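Descriptive analysis of the structure
What follows is each chain in one-letter form.
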Amino acid sequence: MKKRRLGHSELLVSEIGLGCMSLGTDEKQASGIIQAALDEGINYFDTADLYDFGVNEEIVGRNVKAVREQVYIATKVGNRWNENKDSWSWDPSAAYIKTAVKDSLKRLGTDYIDLYQLHGGTLADNIEETVEAFEELKKEGYIRHYGISSIRPNVIKEFTEKSELDSVMMQYSLLDRRPEEWMSLLASKQISIIARGPLAKGLLSEKMLEKAHEDGYLDYSYHELKDLLPQLKDKLSDRKLNETALQYILSHPSVATVVPGASSVKQLRENCRAASSPSLSKTELDILKQLTKASRYESHRD
């Protein structure tokens with residue numbers, strides 16, 4: 001598995017990581033997927049305190065414990081479950097972050113977190129306070145690096161100006177090309193993109209329209225998808241659609257790692273095979289850009 005540097009950190013992360021949210025709570029099944037990921041050379045595991053009330057962190061921690069020094073664990077903070085665990089509230093305060101990180105460390109069974117990410121963010125937040133909390137956690141050795149997980153352009157801009165973050169996790173796929181709008185800025189500051197949702201909820205897999213909703217997907221109506229998806233497959237006839245989708249994202253040097261989820265070992269191995277296939281040629285990239293929309297955050301302003 002090829003590796004790329006995450007931001008201006010020393011972390012060399014696998015081009016394909018594992019988005020752990022889809023692992024579920026069946027430990028035997030989750031363990032099989034994580035072991036398969038390790039076998040494939042994946043060294044980046046992305047979880048969050050929100051997933052399954054922290055159980056996801058526990059499962060990830062237990063299953064990478066034996067290889068802890070060879071892998072990178074990323075988790076997230078900011079969404080706070082209420083006492084009944086039937087809803088959560090947003091809390092990016094320093095006090096909460098400093099409490100939550102210790103809870104995550106305990107669940108993960110580790111002394112440090114490689115990448116700690118703010119799980120959202122708004123312009124109403126005290127961003128300076130949040131950044132100060134992350135910086136203090138770095139100095140204290142609880143975390144090695146930090147980033148944000150956000151698709152809100154104004155929030156991203158504020159963090160690029162007020163912090164030394166290494167990454168921004170964004171939804172990014174051939175059907176959602178909005179992150180391309182920010183690549184120049186992020187690259188100029190040595191901030192990497194962590195790409196989630198690369199297969200657009202399964203639309204960019206071999207199942208294609210089986211995963212389509214009658215309301216369409218973002219800027220695409222159902223009828224547009226019905227026309228577009230077969231073209232994406234047929235125009236690059238030697239490639240499977242998930243291969244095309246993943247290789248398109250990896251063609252951008254601003255992307256450090258792509259983190260598709262996997263609910264089975266088979267699915268994980270398919271993604272890894274797709275990522276290890278030959279890179280897209282300029283001709284192939286041009287075809288894909290012509291077929292898809294260069295969507296911008298302006299049309300989805302947060």
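Heads up: the structure comes first, above all this text.
Here the residue numbers are simple positions, counted from 1 along each chain's written sequence. The model is predicted, so local features are restricted to residues of pLDDT at least 70 and side-chain atom pairs to those at 80 or more, both for listing and for counting; the totals for chains, interfaces and linings are taken over all residues. Calculation of side-chain values draws on the structure's entire complement of heavy atoms; hydrogens and water are dropped beforehand.

Turning our attention to the overall build of the protein. Numbering of helices and strands starts at the N terminus; helices are DSSP runs of H or I of at least 4 residues and strands are runs of E of at least 2. Tallying secondary structure elements over the protein gives 10 helices and 12 strands in all. As defined in this context, the radius of gyration uses C-alpha atoms, and a globule is described by 2.2 Å times the residue total to the power 0.38. The C-alpha radius of gyration computed for the protein amounts to 19 Å, which stays within 12% of the reference 19 Å derived for 302 residues, consistent with globular compactness. For the protein, the C-alpha atoms occupy an extent of roughly 50 × 40 × 40 Å along the three principal directions. In the protein, which comprises 302 residues, the proportion classed as buried is 53%. Contacts are assigned to residue pairs that have any heavy atoms within 4.5 Å of one another. Long-range pairs, those at least 24 residues apart, make up 75% of the contacts in the protein between residues at least 6 apart in sequence. Categorising residues by exposure relies on relative accessible area from a 1.4 Å probe, with only protein chains included: less than 20% of the type maximum marks a residue as buried, more than 50% marks it as exposed, and the intermediate range marks it as partly exposed.

Successive residues of a regular strand alternate their side chains across the two faces of the sheet. With six of its six residues buried, strand 5 (residues 72-77) lies for the most part within the structure. Relative to strand 5, strand 4 (residues 44-46) runs parallel, the two sharing three bridges. Along strand 5, the bridge assignment pairs F45 with I73. Following DSSP output, two strands are said to pair if at least two bridges run between them. Pairing geometry for strand 5 and strand 8 (residues 113-118), over four bridges, is parallel. Residue K76 lies in a different strand from strand 8, and its bridge partner there is Q117.

Turning our attention to the nonpolar core. In this text, buried Ala, Val, Leu, Ile, Met, Phe, Trp, Tyr and Cys residues form a nonpolar core when linked through side-chain atoms within 4.5 Å. Counting residues in each nonpolar core, the largest one holds 79 residues, and the members touching the most others are L18, F45, Y116, L175, L204 and L268. Counting residues per element, this core draws most heavily on helix 3 (residues 94-108), which supplies seven residues. With near-sequence residues (within four places) excluded, L268 lies in contact with L18, I33, A36, A37, E40, I42 and A262. Membership of the second largest hydrophobic core comes to 11 residues, among which are Y44, A74, L115 and I194.

This brings us to empty space enclosed by the protein. Definitions used throughout: a 1 Å grid over protein atoms alone; a cavity as a set of points that fits a 1.4 Å probe which cannot get out; a pocket as an open set with protein on both sides within 12 Å along at least five of seven lines; a lining residue as one with an atom within 4 Å of a point. Grid points are joined across faces, edges and corners, and a volume is the space filled by probe spheres set on the points. Enumeration over the complete set of coordinates arrives at one cavity of 30 Å³ or more. If you add up the space inside the largest cavity, you get close to 30 Å³. I16, G17, L18, I42, P260, G261, A262, L268 and N271 together form the lining of the largest cavity. Asp, Glu, Lys and Arg are counted as charged, while Ala, Val, Leu, Ile, Met, Phe, Trp, Tyr, Cys and Pro are counted as nonpolar; the rest, among them Gly, fall into the polar class. For the lining of the largest cavity, the class distribution of residues is six nonpolar, three polar and no charged.

For the rest of this paragraph, the subject is the sheet that holds strand 8. If you walk across this open sheet you meet the eight strands as 3-4-5-8-9-10-11-12, and the pairing is parallel. Each edge of the sheet is formed by a strand with only one pairing partner; in this case those strands are strand 3 (18-19) and strand 12 (255-258). Two strands pair when backbone bridges link them, and strand 8 and strand 9 (residues 143-149) are joined in this way by five bridges, in the parallel orientation. Residue pairing for strand 9: Y116 is matched across the bridge by Y146.

Okay, the packing of helix 2 (residues 55-64) against helix 3 next. Helix axes are fitted to C-alpha atoms over the stretch in contact, other axes to C-alpha atoms as well, and angles between N-to-C directions run from 0 to 180 degrees. At a minimum axis distance of 7 Å, the contact between helix 2 and helix 3 shows a crossing angle of 45°. With respect to each other, helix 2 and helix 3 are oriented oblique. Mapping the contact onto sequence places E57, E58 and G61 in helix 2 and S104, R107 and L108 in helix 3. Across the contact of helix 2 with helix 3, the residue classes break down as one nonpolar, two polar and three charged. An angle counts as roughly parallel when it lies under 35 degrees, as roughly antiparallel when it exceeds 145, as roughly perpendicular when it falls between 65 and 115, and as oblique in every other case.

This brings us to helix 7 (residues 222-234). By definition here, a helix of n residues has an expected span of 1.5 Å times n minus one. Over its 13 residues, helix 7 extends 19 Å from the first C-alpha to the last, a length consistent with the 18 Å expected when each residue adds 1.5 Å. For helix 7, every residue scored as buried is listed here: L225, L228, L229 and L232. Turning to helix 7, the residues buried within the fold contact helix 8 (241-250) and helix 10 (282-291).

Another point: the layout of surface pockets. In this model, the largest pocket occupies a volume close to 1400 Å³. Lining of the largest pocket is provided by 47 residues; of these, G197, P198, K201, P260 and G261 occupy positions nearest its centre. It is helix 9 (residues 265-275) that provides the largest number of residues to the lining of the largest pocket, a total of six residues. Here the lining of the largest pocket is composed, by residue class, of 14 nonpolar, 19 polar and 14 charged.

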